[in-house]
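Chain by chain, the residues run as shown.
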Amino acid sequence: MSKPTVLVTGGAGYIGSHAVLALLDAGWPVAVVDNLTTGFRFAVPDAVQFYEGDIEDGALLARIIAEQKVGAIMHFAGSIVVPESVENPLKYYHNNTVKSRALIDAAVTGGVPHFIFSSTAATYGVPEVSPVTEDTPQKPINPYGWSKLMTEQMLGDTAFAHDLNFCALRYFNVAGADPQARSGQSTAGATHLIKVAVEAALGKRESVAVFGTDYDTADGTGVRDYIHVSDLAAAHVLALEALIEQPERSLTMNCGYGDGFSVLEVLDAVDRVTNRTITRVMEPRRAGDPAALISDPSRIRATLPWQPKHANLDEIIAHALQWERKLGEIRGE
């Protein structure tokens, strides 16, 4: 299979930077465009052609596609904080939907035939069943989920009308960091539980809030499906190969392991891995949080030769901890 250049939007961010590493490790030429609003220039390897700019800039995208002979796009750029989307919905519809429309338009205009989209389990809202399959009704309960679902709809309609196929990957709870500590989650003020807990274990936070202790779960706290970011990145590379092999087919797949851990189980694991005790502050439930959100990964396992290598909570935490320590060195903390 010939390997065209893959343009990674948001490639200086958390998941995007891991996708860049996975592509490079698999021998793909890569270019990155990122406006560095939440991304970091140090997250992009020197060997990768980097463009600082916005995916809404049609002239820039046209130039990148032509200069790099882009044959596929992996789209990670966007805003991801659910509470912020409720407080500032227009920001999310702009960053996640309007700008995605501009990117899809540039792909069609530039003749880019393959498009992989970073979607989310938030498009399901509060599902009535768990584990969640791809056929579970999509009923978002916040602007973040809606902004991603609208982009999925745009891709479906565009693929019907133009020579473009796509893969929408619906993420569950992404965590961990590159096992070689080449990248990790670097965002200040992150809201992901494992990132927050590791920061607390290293003394960067005083405590960790537990939102809701009265759910219908074994210990009363919310249960989530945590997927290692490097396993997720590997799924993107395999999805790209599948799109190229069957250009008439588009795909929509959940990305998770199919099992879950409660908030308290995660915090216990962080205590165990770090040999420290994190202070836990019990808080009321957050509006719209389901008791459990677990992926049914049957489709991705049946469609791609995806074999997760890091489906172990302690390993996910250990890699996140390793990166958090390295990040402190990078920042001189």
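Up top you'll find the structure we're talking about.
Residues numbered from 1 in each chain as written. Predicted model: local features only at pLDDT ≥ 70, side-chain atom pairs only at ≥ 80, totals over all residues. Heavy atoms only, no water.

This part covers helix α4 (residues 89-110). Every α-helical turn comprises 3.6 residues, leaving residues that sit three or four positions apart pointing alike. Over its 22 residues, α4 runs 30 Å from end to end, which matches the ideal 32 Å to within 8%, given 1.5 Å per residue. At serine 100, α4 is deflected by roughly 25 degrees, the largest bend along its length. Among the structural elements, β1 (5-9), α2 (58-68), β4 (70-75), α3 (82-87), β5 (114-120) and α5 (143-161) are those in contact with the buried residues of α4. Remark: glycine 111 follows α4 within two positions and exhibits a positive phi of approximately 75 degrees. (Helix = DSSP H or I, 4+ residues; strand = E, 2+ residues; numbered from the N terminus. Expected span 1.5 Å × (residues − 1). Bend = angle between axes of the 7 residues up to and from the residue. Contact = heavy atoms within 4.5 Å.)

Our focus in this paragraph is the packing of aromatic side chains. Applying the stated rule across the entire model yields 3 aromatic pairs. Their ring planes at 90 degrees and their centres at 6.4 Å tell us that tyrosine 92 and tyrosine 144 sit as a pair that is edge-to-face. Placement of the pair is tyrosine 92 in helix α4 and tyrosine 144 in helix α5, with a sequence separation of 52 residues. Here the two residues tyrosine 92 and tyrosine 144 agree in accessibility, since each one is buried. Here the basic side chain of arginine 285 rests over the ring of tyrosine 215, its NZ or CZ set 4.1 Å away from the ring centre. (Phe/Tyr/Trp six-rings, centres within 6.5 Å; stacked < 30°, edge-to-face > 60°. Buried < 20%, exposed > 50% of the residue type's maximum accessible area, 1.4 Å probe, protein only. Lys NZ or Arg CZ within 6 Å of the ring centre and 35° of its normal.)

All right, on to the pairing of β4 then. For β4, a buried count of 6 out of 6 residues is recorded, marking the element as mostly surrounded by other parts of the structure. As judged from the 5 bridges shared by β1 and β4, these two strands associate in the parallel manner. Within the sheet, the bridge partner assigned to leucine 7 lies in β4 and is isoleucine 73. One ladder, built from 4 bridges, connects β4 with β5; its direction is parallel. Among the inter-strand pairings, methionine 74 is bridged to a residue of β5, identified as isoleucine 116. (Pairing = 2+ DSSP bridges.)

Sheet strands associate in pairs through backbone hydrogen bonding, adopting either a parallel or an antiparallel arrangement. Spatial strand order, β12-β9-β14: 3 strands in an open sheet with mixed pairing. Sheet topology places β12 (261-262) and β14 (292-293) at the edges, where each strand pairs with a single neighbour. As judged from the 2 bridges shared by strand β9 (residues 223-224) and β14, these two strands associate in the parallel manner. Bridge pairing in β14 links valine 223 to alanine 292.

In this section: empty space enclosed by the protein. Scanning all chains against the criterion turns up 2 cavities of 30 Å³ or more. Of the voids in this model, the largest cavity is the one considered here, and its volume is about 80 Å³. Lining the largest cavity, in full, are Tyr14, Val174, Ala175, Gly176, Ala177, Gln185, His192, Ile194, Lys195, Ala320, Trp323 and Glu324. Contributing elements (two or more residues each) for the lining of the largest cavity: β7 (173-175), α6 (193-201) and α10 (313-330). Top contributing element to the lining of the largest cavity by residue count: α10, with 3 residues. Per-class residue counts for the lining of the largest cavity are 7 nonpolar, 3 polar and 2 charged. Computed from the structure, the second largest cavity encloses a volume of approximately 40 Å³. Contributing to the lining of the second largest cavity are Ala12, Gly13, Tyr14, Ser17, Thr38, Phe40, Ala43, Ser183, Gly184, Ser186 and Thr187. (1 Å grid on protein atoms, 1.4 Å probe; cavity = no way out; pocket = protein on both sides within 12 Å on 5 of 7 lines; lining within 4 Å. Points joined across faces, edges and corners; volume = space filled by probe spheres on them. Nonpolar A, V, L, I, M, F, W, Y, C, P; charged D, E, K, R; others polar.)

Our focus in this paragraph is the layout of surface pockets. Reported here for the second largest pocket is a volume of approximately 420 Å³. Lining the second largest pocket are 21 residues, and of these Ala22, Asp25, Ser230, Ala234 and Lys309 lie nearest its centre. At the level of elements, α1 (14-25) and α7 (229-245) are the ones that each hand at least two residues to the lining of the second largest pocket. Ranked by residue count, the leading element in the lining of the second largest pocket is α7, at 6 residues.

Take the environment of alanine 239 next. Mapped onto the elements, alanine 239 comes out in helix α7. What makes alanine 239 buried here is its relative accessible area of 0%. Counting along the chain gives 14 residues from alanine 239 to methionine 253, while the straight-line C-alpha distance between them is 9.6 Å.

For the rest of this paragraph, the subject is the pairing of β1. Within β1, 5 of the 5 residues are buried, leaving the element largely enclosed by the surrounding structure. Covered by surrounding structure in β1 are Thr5, Leu7 and Thr9 together with Val6 and Val8, the residues of both alternating faces. Crossover β1 to strand β2 (residues 30-34) through α1 is right-handed. (Right-handed = clockwise from strand over helix to strand, strands pointing away.)

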